[in-house]
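Take a look at the letters that make up each chain.
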Amino acid sequence: MAIIVKKPAPLTFWERIYLPAILKGLGMTMRHMIKTLAGGGVTIRYPEQHKRVPNNYRALHVMPTWEDGHIKCVACEMCSTVCPANAITVHAEEDENPEIEKRAAFYEIDELRCIFCGFCEEVCPRDAIHLTKNYEFVTDNREGFLYGMDRLTKTGRLVSELEAKENKDR
Amino acid sequence: MPKITIDGIECEVADGLNVIEAAKTIGIHIPHFCYHPALSLVGQCRMCLIELDPIPKLQTACSTFVKDGMVIRTNTEKVIKARKAIMEFLLINHPLDCPECDQAGECDLQNNSFEFGQGFSRFEEQKRTYSRDIPVGEKLVRIQDRCIHCTRCIRFFREIVQNEVMTYQWRGNNTAMTPLEQDGRRLDTNYSGNMHELCPCGALTLKDFRFKTRPWNLANTESVCPLCSTGCNIFIDHKQRKIFRIRPRVNMDVNTWWICDFGRIDFGYAHSETRIAGPRVKGADADWKTALDTAAGLLKTTGASATAILCSADATNEEALLVKKLAAALGCSAASLPAPGVDPLEMEDHLLLRADKAANTQGLKALGIVPDPALADKLSGGAIKTLLLINPFNKQLAAALDGVRDAVAKIPNLVVLDHNETDFSKAAAVVLPGAVWAEKNGTFTNYKGLVQRINQAFAPAGKARGDFDILLALAQGAGADIACKTHIDAYNEIRDDLLKLEAQIKKDIEALQKAAAEAEKA
Ligand code: SF4
Ligand code: SF4
Ligand code: SF4
Ligand code: SF4
Ligand code: FES
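Values in this document were obtained by computation on a predicted structure and should not be read as measured data.

Right, let's get into the site of ligand 4. If you check the shell around ligand 4, you find 14 residues, and the closest are Cys147(B), Cys150(B), Thr151(B), Cys153(B) and Cys199(B). The residue makeup of the shell around ligand 4, split by class, is 11 nonpolar, two polar and one charged.

This part is about the interface of chain B and chain A. One frequently used descriptor of interface size is the decrease in accessible area upon assembly of the parts. In this assembly, 12 residues from chain B lie in contact with 14 residues from chain A. With both sides pooled, the region where chain B packs onto chain A buries about 1200 Å², and carbon together with sulfur makes up 47% of that total. Of all residues in chain B, Pro99(B), Glu100(B) and Phe211(B) give up the largest surface area on contact with chain A, accounting jointly for 49% of the area buried on that side. The salt bridge partner of Glu100(B) is Arg126(A), with a shortest N-O separation of 2.8 Å. The class makeup of the residues in the side of chain B that touches chain A is four nonpolar, two polar and six charged.

Here we take up the pairing of strand E3 (residues 49–52) of chain B. Residue and element names in this part refer to chain B. Residues Leu49 and Glu51 line one face of E3 and the alternating positions Ile50 and Leu52 line the opposite face, and both faces are buried. Pairing of E3 with strand E4 (residues 59–60) involves two bridges; the strand directions are antiparallel. Paired with Ile50 across the strands is Gln59, a residue of E4. Hairpin connection of E3 to E4: six residues between the antiparallel strands. Note: E3 against strand E5 (residues 71–73), two bridges, orientation antiparallel. The residue bridging Leu52 from the neighbouring strand is Ile72, located in E5.

This part covers the site of ligand 2. What surrounds ligand 2 is a group of 13 residues, the closest being Cys83(A), Cys114(A), Cys117(A), Gly118(A) and Cys120(A). Here the shell around ligand 2 is built from residues that sort into 11 nonpolar, two polar and no charged.

Reading guide: rules and limits
Residues numbered from 1 in each chain as written. Chains lettered and ligands numbered in written order. Predicted model: local features only at pLDDT ≥ 70, side-chain atom pairs only at ≥ 80, totals over all residues. Heavy atoms only, no water. Near = heavy atom within 4 Å. Nonpolar A, V, L, I, M, F, W, Y, C, P; charged D, E, K, R; others polar. Contact = heavy atoms within 4.5 Å. Buried area = accessible area lost by both parts, 1.4 Å probe. Salt bridge = Lys/Arg side-chain N within 4 Å of Asp/Glu carboxyl O. Buried < 20%, exposed > 50% of the residue type's maximum accessible area, 1.4 Å probe, protein only. Helix = DSSP H or I, 4+ residues; strand = E, 2+ residues; numbered from the N terminus. Pairing = 2+ DSSP bridges.

See the structure below:
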């Protein structure tokens, strides 16, 4: 099959001398410089300051539970199936309550593998996995990024801590 | 041969087909739930509705048989609308709990709903539910809420298992498929596991597979069941070098649609704790080279008359060929032991199960490895000083060895090739860890001489190796010059022998059947 390559249109005179583009760029630099000198800085002094991230920001996961603390996840393996990074491992077990029937015996997300696409949240039929806006979970070892059920059910708390920080900084 | 027209395609189909099967022959799929080619017709689910000229009302394809000149339409607006309505009806009381349901991913209800349903329901009332406490035996799990009342289970137990253990209870909306557990009728028949595939939704699922994994995570390898001489065709469903379940593979010449529950559930030995971890020489761990050299050395030391090879009938035809060649190189005899009173043709029940609990008795016979009654005497008399014992874990060989257990364990140069530990492997001078059937390539010859291929699902566990490779190394170590280096070469070498046996057995079976028919007449 032949591939048709479209040649870009030839540059006009003004484009060829580059000056307008350079002036435009310089102008932007000047604008930021003046803004910074005047005190309205664009740099955030992280980690002393926190940027307010939108609520649909996608970072560390959380696994919501029911009011009685029972995990919502029923180990249907939708998330592990859809995950493009193969970051999720789920094993199921029988729940004592026949009405619930099935629950996760083992659930683990490798946050180093995760690309934060949010597919797991989107696909979950039981609303049992969310991505929070908490992006602050670095550690210095790989195991620290393996989030099991025990940690994932508690990461929700971190979000309110983060929000408190955001509010403090503004 | 009636000429019919389906969706504008003219075709000629075999006599006596119903419209579902006739459409199948030209690649048109008519959705259905209650129809199954092995079971009687009930026309219960109404999913298979089609238009049949010139009848004004829709007809059920499962109970309509082809006649010359029939004009059938499966994709008109009327049919599509009817299917949508039926799907909505079927899902009225269905809990739609696919996330918890074990059937999801291989569910007819799910698939047909996706393809032919409408994605919404107008039903707002309370769905009816049932108690989940009614026991249905050791093998199945019953969740009656999901049942769509196709009655396949009732018909299966009545017509195929011939043990009427399921029935309707209550009426209309509250109809429940209920197991009968009186008069010795139980759901734990030898064939109950087949409901796992047969039930079109998640109402009856397999306890053994429950919640282990999702079906789409599994790789499916075509193989043959090694547990009896019937040789049912199966899929080995596996993941990460572990078998998760066994499913039947349709073969109308052997097992039709079914397998027995032993074949379905008894694969634990492939992953058991007692798998032989690695080669051993005199009880101490050794590497493969040492073990093979030592074994080959032992086999050559005591001279032909004091050496023997004893092989279970779980060996593939190709391995059996190597056993024969090894025996020829050593000048000794290769045999199996006569299992007490086992005829490969003898049935253990009315459907599939046979008394011969080894996969390849007939194949070994074709290659001349036959039971040697004299061998037992020689073993107990201590005349054998070197024995290559292949797969004594096999139940049949174990039973045959029962009488000479101590004598065999005392043989000084005992070389055991097996996948699981036995008393023999513990006493052996050299232990060579072999493969289970799921880890092998090769062929088995079933009771009627049919040669069937088994495929390797995954590599042998741990340090184990394929029996074919081990036997090849042993034969080469013993000085045999062997041209067939792979199981395919080996198969090509023995194909004629195997075909000859098949023809022979066919004749034998026909003679037997004739005799039986005459005896009945008399
Ligand atoms: S988190 Fe949701 S999608 Fe993942 S296994 Fe649990 S219920 Fe299924
Ligand atoms: S956000 Fe995407 S990559 Fe991360 S676990 Fe979920 S599905 Fe996988
Ligand atoms: S039976 Fe099928 S449709 Fe019903 S819950 Fe199970 S998978 Fe879903
Ligand atoms: S339990 Fe399954 S096979 Fe039996 S009637 Fe219900 S849906 Fe059909
Ligand atoms: S398949 Fe025809 S009515 Fe069920």
